[in-house]
Amino acid sequence: MSEPDTPEAEGASPDREDFVREIVKADVASGAVRNVVTRFPPEPNGYLHVGHATSIVLNFGIARQFDGQCNLRMDDTNPAKEEVEYEESIVTDVKWLIAGWADHCLGLKPRGAVSASAAGDYHMPAALDGAEGLEPFRASDYFEALHAYAVRLIGKGVAYVCDHTADEVDRMRGAPGEKGEESHWRYRPVAENLDLFARMTAGEFPDGARTLRARIDMASDNVWLRDPLLYRIRHAEHHNTGASWCVYPLYDFAHGLSDYIEGITHSICTMEFVPHRALYDWILAALDLPRRLPHQYEFARRNVTHTVVSKRKLLRLVNEDRVSGWDDPRMPTISGMRRRGYPAAALRDFATRIGVGKRENRAEFGLLEHCVRENLNHSSLRRMAVLRPIKVVLENYPEGQVEHFALANNPEDAGAGTREVPFSRELWIESEDFQEVPPPKFYRLHPGNEVRLRGAYLVRCTGVTRDPATGAVVEVRATYDPETRSGNAPDGRKVKATIHWVSAAHAVEAEVRLYDTLFSAEDPEDLPDGGDFTGTLNPASLEIVRNCRLEPALGDARPGQALQFERVGYFVADDRESRAVSLVFNRTVTLKDAWARIEKKQGR
RNA sequence: UGGGGCGUGGCCAAGCGGUAAGGCACGAGACUUUGGAUCUCGCAUUCGGAGGUUCGAAUCCUCCCGCCCCAGCCA
């Protein structure tokens with residue numbers, strides 16, 4: 001089959017074929033669907049996380065591939081759990097994730113609620129691109145429409161007001177495998193239902209006193225078809241509609257109709273909603289709607305090792321101060337990953353690589369890191385930073401002399417230019433780059449050995465200076481070869497290692513935060529009986545290193561700018577914590593470390 | 001014990017009756033002024049299991065096994 005799809009803005013992740021795309025493609029080919037419209041409908045009761053990211057990439061990716069659109073919608077039908085703070089973070093995160101990739105597919109709407117057409121249809125298509133004052137769609141902007149649809153259902157005799165208590169309803173629904181019991185009010189006359197529903201809406205009854213239910217089949221094998229609840233009474237203010245309502249629709253009633261109102265063609269959700277599909281279809285079919293009906297398709301939620309994505313658990317981490325907040329760089333939230341320095345394109349690449357399927361899955365965290373490294377290798381500025389400094393004195397380098405070396409900002413990208421790095425007699429090097437007694441295969445600095453100082457000279461270690469009291473090495477002594485300026489020896493001799501350095505006199509100090517996975521366990525939720533997931537929290541997930549010595553160019557690092565501290569890892573200045581007095585850098589991800597593997601093999 | 005979904009290498013995942021893609025991880029080597037990057041090579045005689053249909057089965061049929069979801073007035 002020919003592939004009309006165009007090459008990607010980011011060559012690494014072409015839109016992949018998956019079962020959802022196959023369905024969409026077939027619908028377009030058959031003419032069943034003309035304009036593809038998907039939607040991303042989070043409930044604003046928490047911050048978006050990696051799982052949402054994969055859903056965003058799927059939904060916007062499809063919109064993008066088929067020249068359609070993807071509506072951002074707040075699924076805000078529960079006034080008790082939702083907040084504007086979350087809504088704002090969701091908009092920010094979605095825009096950030098799709099920026100430069102699918103912005104043109106983002107479906108938004110003008111302010112305000114839907115209203116009915118003359119024919120009584122409720123339709124709210126996305127606003128034209130570039131229109132003023134757009135905002136996300138909101139299920140709460142359909143409350144009026146939803147209510148009208150509920151009244152129609154009552155009028156058709158397929159919905160009724162039920163007076164049973166919550167406990168009774170639960171009990172009468174019956175367990176899977178047995179039949180349910182019909183409500184005493186199941187055959188209430190239409191007029192009485194209409195009156196009661198109006199009075200529920202008017203606030204005559206307390207919370208929980210009555211509900212509106214669909215009359216479907218109490219004997220169904222599918223428990224979601226056993227007269228599901230459509231509306232409940234909640235005397236609560238809603239963050240969008242204020243005190244206008246005291247009855248609120250439930251998910252199953254609101255969702256399919258919201259899809260219909262927006263003209264969604266493919267409503268993609270996760271596997272746990274498979275049993276709900278029959279209800280989704282029932283509601284839409286029962287209303288005799290004039291326009292094409294949306295359809296629901298389900299895929300398996302994507303999981304990642306060493307983390308959790310349940311909102312309840314993420315909320316606990318925040319509330320119990322296990323992390324500094326929703327955007328703690330260790331959090332699997334989009335805002336956390338952004339703050340940690342993960343590029344949006346890397347997240348999209350990750351989502352594309354793990355694919356879309358119906359199987360349970362848990363992608364390795366290492367794959368996410370791979371995607372981040374691959375992106376950053378091409379985009380980050382190289383800098384030198386010594387995290388745990390030890391001083392090296394070049395015995396034969398003139399005191400007071402300063403040279404400047406022009407080092408490439410990115411060897412992978414000649415266009416990135418160079419910057420000047422000062423060099424002098426006293427330097428800081430990484431303490432782990434010096435070993436007084438070198439282990440096997442250790443090519444870096446040790447007495448008698450010669451190494452290259454990146455972009456500068458070859459130096460040979462001549463010895464150490466010790467603290468007379470403790471005997472500890474306080475300083476490494478070395479000589480440099482003036483003939484090796486810029487790193488090559490005229491006699492052609494080779495060194496096996498290149499190490500990074502910072503001129504002591506010119507160094508900038510900073511604090512660096514090293515992150516590891518938040519949880520030690522691959523699956524933090526796979527617990528021995530009765531255990532709590534916080535028990536698998538990684539005690540070493542954050543290490544703060546102070547008094548790091550950085551090359552001067554890092555003194556004015558711009559927050560958000562991707563950096564590679566050569567030989568150490570990728571970093572980003574923290575826009576929240578950095579102050580003039582002490583810069584703070586977050587480690588995005590380490591560089592791959594072949595030496596660590598050798599050490600491991602050597603059993604150390 | 002009802003209904004539904006799913007089982008392809010360590011992880012993810014193509015495959016849609018014609019003889020097991022790809023990525024990550026891992027291993028070996030080359031190259032290297034980042035022990036980074038890059039490059040090369042290796043890595044499932046077999047697709048949860050057992051039968052059957054077929055010239056031919058991961059793909060079709062039957063039975064079995066395993067895992068997950070569903071009894072919120074949450075989404």
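An account of the accompanying structure is given in this report. Small disclaimer: the values here were computed from a predicted structure and weren't measured. (Residues numbered from 1 in each chain as written. Chains lettered and ligands numbered in written order. Predicted model: local features only at pLDDT ≥ 70, side-chain atom pairs only at ≥ 80, totals over all residues. Heavy atoms only, no water.)

With respect to the overall build of chain A
Here is the rule we go by: Helix and strand definitions here come from DSSP, where helices need a minimum of 4 consecutive H or I residues and strands a minimum of 2 consecutive E residues; each element is numbered from the N-terminal end. Working definition: with a 1.4 Å probe on protein chains only, accessible area under 20% of the residue-type maximum means buried, over 50% means exposed, and in between means partly exposed. Any pair of residues with heavy atoms lying within 4.5 Å of one another is described as a contacting pair. Computed with a 1.4 Å probe, the accessible areas rest on the Shrake-Rupley method; for each residue, only the protein chains presented here act as cover. Asp and Glu count as negative and Lys and Arg as positive, but His and the ends of the chain are not part of the count. Note on charges: their place is set at NZ of Lys, CZ of Arg, CG of Asp or CD of Glu.
The number of helices and strands found in chain A is 13 helices and 28 strands. With respect to the principal axes defined by its C-alpha atoms, chain A has extents near 100 × 55 × 45 Å. Burial status across chain A gives 53% buried among its 604 residues. Long-range pairs, those at least 24 residues apart, make up 71% of the contacts in chain A with a sequence separation of at least 6. Here chain A displays about 26600 Å² of accessible surface, and carbon together with sulfur accounts for 49% of that area. Chain A carries 76 positive and 92 negative side-chain charges, and their two centres are separated by 3 Å.

Quick word on helix H8 (residues 277-286)
Within H8, burial applies to Leu279, Tyr280, Ile283, Leu284 and Ala286. Where H8 is buried, its residues meet helix H4 (143-155), helix H7 (251-262), strand E11 (266-270) and strand E12 (295-299). Just downstream of H8 lies Asp288, where phi reads positive at about 50 degrees.

Description of the protein's contact with RNA strand B
The condition that has to hold: Any residue with a non-hydrogen atom lying within 4 Å of a molecule or strand is treated as near it. N or O atoms within 3.5 Å of each other form a polar contact, as long as, within protein, one can give a hydrogen and the other can take it, and as long as residues adjacent in sequence are counted only when both atoms are side-chain atoms. When residues are sorted by character, Ala, Val, Leu, Ile, Met, Phe, Trp, Tyr, Cys and Pro go into the nonpolar class, Asp, Glu, Lys and Arg into the charged class, and all the rest, Gly among them, into the polar class.
Looking at RNA strand B, there are 68 residues lining it, with Met271, Arg382, Arg454, Ser486 and Gln564 nearest. Between RNA strand B and the protein, one listed contact pairs a base nitrogen with a side-chain N or O atom of Glu22 at 3.0 Å. One of the side-chain N or O atoms of Arg452 is found 2.7 Å from a sugar or linking oxygen in RNA strand B. Broken down by element, the residue count for the surface near RNA strand B peaks at five residues, all from helix H13 (residues 594-601). The class makeup of the residues in the surface near RNA strand B is 22 nonpolar, 17 polar and 29 charged.

Observations regarding the environment of Leu134
The topology assignment puts Leu134 in strand E5 (residues 134-135). Sequence-wise, Leu134 and Leu108 are 26 residues apart; in three dimensions their C-alpha atoms are separated by 5.9 Å. Setting aside its immediate chain neighbours within four residues, Leu134 contacts Leu108, Lys109, Pro110, Ala127 and Leu128.

So, the packing of aromatic side chains
Note on aromatic pairs: each is described by the distance of the centres and the angle between the planes. As a reminder, the rule being used: Working definition: a ring pair exists when centres of Phe, Tyr or Trp rings (six-membered ring for Trp) sit within 6.5 Å. Plane angles under 30 degrees give stacked, over 60 give edge-to-face, the rest tilted. Only when the NZ atom of a Lys or the CZ atom of an Arg is both within 6 Å of the ring centre and within 35 degrees of the ring normal do we say a charge sits over the ring.
Enumeration over the complete set of coordinates arrives at 20 aromatic pairs. Seen in terms of ring centroids, Tyr47 and Tyr86 are 5.8 Å apart; in terms of plane orientation they differ by 90 degrees. Their pairing is edge-to-face. Separated by 39 residues along the polypeptide, Tyr47 in the loop between strand E1 (37-40) and helix H2 (50-65) and Tyr86 in helix H3 (residues 84-98) bring together distant segments of the chain. As far as the burial class goes, Tyr47 and Tyr86 line up, both buried. Judged by centre distance (5.1 Å) and plane angle (15 degrees), the rings of Tyr47 and Trp326 are stacked. Residue Tyr47 is found in the loop between E1 and H2, and its partner Trp326 is found in the loop between helix H9 (311-319) and helix H10 (334-340); the two are separated by 279 residues along the sequence. Through successive ring pairs, a cluster of aromatic residues spans Tyr397, Phe405, Phe423, Tyr457, Tyr480 and Trp501. Above the face of the Tyr260 ring, Arg291 is positioned so that its terminal group lies 4.0 Å from the ring centre. One Lys or Arg, Lys313, reaches over the ring of Phe533 and ends 5.7 Å from the middle of that ring.

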